[in-house]
Amino acid sequence: MVLERSLSETYNDCCTKVRELQRRISEKPEGGKWTPLTQRQCTDCTCVVIFILFWCGMLYIAAFAFTTGNVERLVYGYDSYGNICNRKNPAIPDVSFSGKDMTGKPYVFFMDVTNPSDSLELCVSKCPDGDLQDIDAVRNFSLRTGSLLCRYDFNPQSYDTSEQDITGPCPLTPVLHSKPVINRCVPSNVQDLLSGYLDDISSWLNAADIFNKVIADLYVARYEILGLCLIAFALSVIMVFLIRFLAAIIVWLILALAAGGSIVATVVLWWNYAKRKSALDKVPEEERLDSQRSNVQAFLIYSIIATVFTVILLLIILVMRKRISFTIELFHQAGKALKHMPLLLLQPFWTFIMLMLFMAYWCVVLVFMSTAGDPKRDPETGFVTYEEPEPVKYFWWYHLIGLFWTCEFILACQQFVIASCVTEYYFTRDKQYFRSPILKSVGRLISYHLGSMVLGAFIITLIKIPRAILAYIQAKLKDSTSKVAQWILTCLSCCLWCFEKCMKYLNENAYITIAIEGSNFCTSAQKAFLTLVSNALRVAAINCVGDFVLFLAKLAVVSLTAFAGLAIFGNKENALFYAIPILLVCVFAYFIADCFFVIYQMTIDTLLLCFCEDARVNDGSPGKEYFMDRDLMEFVRNSSEALDNLDKKKRKDRVVSDEVELDQAHDKDSIMDGAVGPAVEPPVDEDVKA
């Protein structure tokens, strides 16, 4: 009883708060006076303080990574004495042969390549370019190339009398012909090795941390990744300006590019999968590396996802083709607003620059943090290894949260600036003298509403963190035999993805409400939600098709960028695990495209929300004139009426169908009654007939 009473009181209290909010929203200003944008105060100030403190932690992690990490140790490797290849090294206390200048020696050589995990490792200038059958051949190779294959304190003339062992000072013979793989000397013709040795080498390469291998490939492919990001940038700029001036043509072109790009990308992915799978099948099972299997598996997954997505996309385009005219008019209305603010089209440039600078900073810190560690000397062998410090395992998650939170904050600031500019345009009656309010909107953001942007970004981050944890668990359980657990994790990930999309849409409308009224984030989110619910038909008629076309525009940019990435990385031999760089490029391309297309998306959403607020407050009478122009009013009315007529037609068809089914059932009953006996018509009262 106590629990029921408590639940009842909680429910009544929630309902009272909702009714009070609805009452305040429905209230209209007295006397027909309404002045949006004028009443401003600082909102959600506590969130700004928390965000600054959080970034102090980010800077501490960066300082820790830069002081303890060394990216060249990951790329070039290091010898058994802690010397990083291809650079000058400081001396390590109590470690002989440390502190040597290894400039010009970029490759790691193993004394016994068949047992690399226990072998002495040295930095050399060149890997053996042929099979060295005995120690004399090793000496001749060192004299000819200057690449010393024995310990640093031995000169080539003394190789004949030196001991050959897995721990040095000279290598076991024969020394096999090798080539650099991630700057490590690996036998170039592994088929000539015995099966047991192959298992040792494959196990050593497969046992290497997959994260380090991915980081190494990202570092090696950094210039290609940057170039592909610039390609995505150029494609997004071209698409935005074409939508501004050629809306009718570009909408159909976007549909064609999205459909064609998805089909081409799907075909290319399947072709790459077939090519890699055929090459892998030719390699004996015991010689296959995990990176090769991962590449093939990754392309199979990408191909299946692309196929399913392409089929769904084509079906959606087929269903929504009749509403394309609404979309063209929608972009025309957004273009009218942007015509008065042409510099707003340059807003994504600044967002792009900020995102790229932050992404570069985040990736650099990530790379340095992955190489953080102090040298530890093994008392038995005297070899040096680098151990990851204990705090680093916690820094990973902190750094990941910083990525989500800061990216969402940058995007939220851009959305608010766009919404504030469009709101200023909408609520200006004499648009002839309207001037672009971008600087004023930026000042309004910094002066009053940074805290609201931080809070909105943090809400999205709270959803992304569980998604990241689920992805981590799924990766750990990918080889699990429990299909139920995998299915549950997939369902949870799908639900969180849908929830994140809903919250992002609500956040965008909350930012628009903040731009209109200057209220805090929670109040604005509540009001935006009730406004959207009360105008659901208008939102459905106007937003759905427009957002879908903009999504296709982003998809076209990502597809073309991915196609360019496949062409580049497919011919890049030193990228061992290149499926990850391509995936990262696609993610960056989507972020870049989203930065540009958010202009139209936010403009359309802002115009719609301003229209709803204008219609709520004003009625067109003297003293309460509408702020909207006639074209916008007619467009909203026509789109809503079209949706209403479509629903009425569907309901009418449903009623006619039900009547036909009832008539058929009645005829069937009559036939059955006739088969049993003559039908008798019941008497009907004359008054009833009348």
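Residues numbered from 1 in each chain as written. Predicted model: local features only at pLDDT ≥ 70, side-chain atom pairs only at ≥ 80, totals over all residues. Heavy atoms only, no water.

### Details of the overall build of the chain
For the chain, the helix and strand inventory stands at 19 helices and six strands. The proportion of buried residues among the 690 residues of the chain is 45%. Taking as baseline every contact in the chain between residues at least 6 positions apart, the subset at least 24 positions apart corresponds to 73%. When the accessible surface of the chain is summed, it comes to about 35600 Å², and 62% of that surface belongs to carbon and sulfur atoms. (Helix = DSSP H or I, 4+ residues; strand = E, 2+ residues; numbered from the N terminus. Buried < 20%, exposed > 50% of the residue type's maximum accessible area, 1.4 Å probe, protein only. Contact = heavy atoms within 4.5 Å. Areas by Shrake-Rupley, 256 points an atom, 1.4 Å probe, with all protein chains shown as cover.)

### Concerning the environment of T406
Topologically, T406 is positioned in helix α12 (residues 392-426). Between the C-alpha atom of T406 and that of F458, which follows or precedes it by 52 residues, the distance is 8.9 Å. When near neighbours in sequence (up to four residues on either side) are disregarded, T406 contacts F51, W55 and F358.

### Observations regarding the state of the cysteines
Inspection of every chain in the model, using the stated rule, returns three disulfides. Note that C127 is cross-linked by a disulfide to C185, the S-S spacing being 2.0 Å. Its S-S torsion of about -85° marks the bond between C127 and C185 as left-handed, since a negative value means left-handed. With a gap of 58 residues between them, C127 in the loop between β2 (121-124) and α4 (135-145) and C185 in strand β4 (residues 184-187) connect regions that are remote in the sequence. Here C127 and C185 have matching classes, each one buried. Among the cysteines of the chain that take part in disulfides, numbered as they appear in the sequence, the pairing is 1-2, 3-6, 4-5. For C491, which is in no disulfide, the shortest distance to another cysteine sulfur is to C495 and amounts to 6.6 Å. (Disulfide = S-S within 2.5 Å.)

### Things to note about the pattern of salt bridges
In this structure the tally under the stated criterion is eleven salt bridges. Where K504 meets E408, a salt bridge forms, and the shortest distance between an N and an O atom there is 3.6 Å. Residue K504 is found in helix α14 (residues 483-517), and its partner E408 is found in helix α12; the two are separated by 96 residues along the sequence. One salt-bridge network, held together by shared partners, links E408, K464, R467, E500 and K504. (Salt bridge = Lys/Arg side-chain N within 4 Å of Asp/Glu carboxyl O.)

### Regarding the confidence of the model for the chain
Residue-level pLDDT values for the chain average 75, and 75% of them are 70 or greater. Within the chain, the lowest mean pLDDT, 39, falls on helix α19 (residues 686-689), and the highest, 91, falls on helix α2 (residues 45-68). When the criterion is pLDDT under 50, residues 667-690 qualifies, and its contacts beyond four places in sequence or with other chains add up to one contact. (pLDDT = per-residue confidence, 0-100.)

### As for the packing of aromatic side chains
What characterises a pair of aromatic rings is the spacing of the ring centres plus the angle enclosed by the ring planes. Applying the stated criterion to the full structure yields 19 aromatic pairs. Summarising the aromatic geometry, the rings of W405 and F458 are spaced 4.9 Å apart at their centres and angled 50° between planes, so their arrangement reads as tilted. Residue W405 is located in helix α12, and its partner F458 is located in helix α13 (residues 438-476); the two are separated by 53 residues in the primary sequence. Taken together, the ring pairs in this structure connect F51, F54, Y398, W405, F409 and F458 into an aromatic cluster. In this structure, K464 is placed above the aromatic ring of F404, and the distance from its NZ or CZ to the ring centre is 5.7 Å. (Phe/Tyr/Trp six-rings, centres within 6.5 Å; stacked < 30°, edge-to-face > 60°. Lys NZ or Arg CZ within 6 Å of the ring centre and 35° of its normal.)

### Examining the packing of α14 against helix α15 (residues 521-534)
At a minimum axis distance of 8 Å, the contact between α14 and α15 shows a crossing angle of 110°. Relative to α15, the element α14 lies roughly perpendicular. Side by side, α14 and α15 meet where Y505, L506, N507, N509, A510, Y511, T513, I514 and E517 of the first sit next to F521, S524, A525, K527, A528, F529 and L532 of the second. Looking at the contact of α14 with α15 residue by residue, the class counts come to ten nonpolar, four polar and two charged. (Axes fitted to C-alpha atoms, helices over the stretch in contact; angles between N-to-C directions. Parallel < 35°, antiparallel > 145°, perpendicular 65-115°, else oblique. Nonpolar A, V, L, I, M, F, W, Y, C, P; charged D, E, K, R; others polar.)

### Quick notes on unusual backbone geometry
Here the residue pair T173 and P174 is connected by a cis peptide bond, since its omega of 0° sits within 30 degrees of zero. Position of P174 among the secondary structure elements: in the loop between α4 and β3 (178-181). Look at D44: it is not a glycine, yet its phi comes out positive at around 55°. Here D44 is to be found in the loop between α1 (2-26) and α2. In this structure, N86 takes a positive phi of about 70° despite not being glycine. On the accessibility criterion, N86 (24% relative accessible area) is partly exposed.

### Description of the side chain of S119
Note that S119 resides in the loop between β1 (107-110) and β2. At a separation of 2.8 Å, a polar atom in the side chain of S119 contacts the main-chain amide nitrogen of M111. For S119, the contacting residues outside a window of four places in its chain are S80, F110, M111, D112, I166 and F383. (Polar contact = N/O pair within 3.5 Å; in protein donor to acceptor, adjacent residues only side chain to side chain.)

### Details of the pairing of strand β5 (residues 374-377)
Where β5 lies against strand β6 (residues 384-387), four bridges are found, and the strand directions are antiparallel. Across the sheet, the residue bridging to D374 is E387, located in β6. In sequence, β5 turns back onto β6 through a hairpin of six residues, with G382 there showing a positive phi of about 80°. (Pairing = 2+ DSSP bridges.)

### Thoughts on helix α7 (residues 222-245)
With 24 residues, α7 extends 35 Å from end C-alpha to end C-alpha; this agrees with the ideal 34 Å at 1.5 Å per step. Of all the positions in α7, only I225, L228, C229, A232, F233, S236, V237, M239, V240 and I243 are classed as buried. (Expected span 1.5 Å × (residues − 1).)

### Brief notes about α2
For α2, with 24 residues, the first-to-last C-alpha span of 36 Å sits near the 34 Å given by 1.5 Å per residue. Turning to α2, its buried residues number three or more, namely C47, F51, F54, G57, M58, I61, A62, F64 and A65. Close packing links the buried residues of α2 with α11 (347-370), α12 and α13.

### Digging into the nonpolar core
Counting 112 residues, the largest nonpolar core has M453, L552 and F597 as its most contacted members. Here this core gets 19 residues from one element, more than from any other, and that element is helix α17 (residues 579-617). Those residues within four positions of M453 in sequence are excluded, and the remaining contacts are F409, A412, C413, F416, L445, Y511 and I514. Core analysis: the second largest hydrophobic core is formed by 15 residues, V108, M111, L120 and Y386 among them. (Core = buried A, V, L, I, M, F, W, Y, C linked by side-chain atoms within 4.5 Å.)

### Overview of the packing of α13 against α14
Orientation of α13 relative to α14, taken along the N-to-C sense of each, is 170°, at an axis distance of 9 Å. Classified by the angle between their axes, α13 and α14 sit roughly antiparallel to one another. Among the residues forming the contact of α13 with α14, the class breakdown is 16 nonpolar, eight polar and four charged.

### A few points about a nonpolar patch on the surface
Together, F241, F245, L246, I249, L343, L346, W350, I353 and L357 make up a nonpolar patch on the protein surface, roughly 930 Å² of accessible area in all. If you list the elements that add at least two residues to the nonpolar patch, you get α7 and α11. Residue contributions to the nonpolar patch peak at three residues, all from α11. Note on placement: F245 falls in helix α7. A relative accessible area of 58% places F245 in the exposed class. (Patch = residues over 30% accessible without salt bridge, like charges linked within 9 Å, V, L, I, M, F, W, Y side chains within 5 Å.)

### Examining the environment of N183
For N183, the position within the fold is in the loop between β3 and β4. Taking C-alpha positions, N183 is 9.3 Å from F109, a pair spaced 74 residues apart along the chain. When sequence neighbours within four positions are dropped, the list of residues in contact with N183 reads V75, Y76, P106, Y107 and V108.

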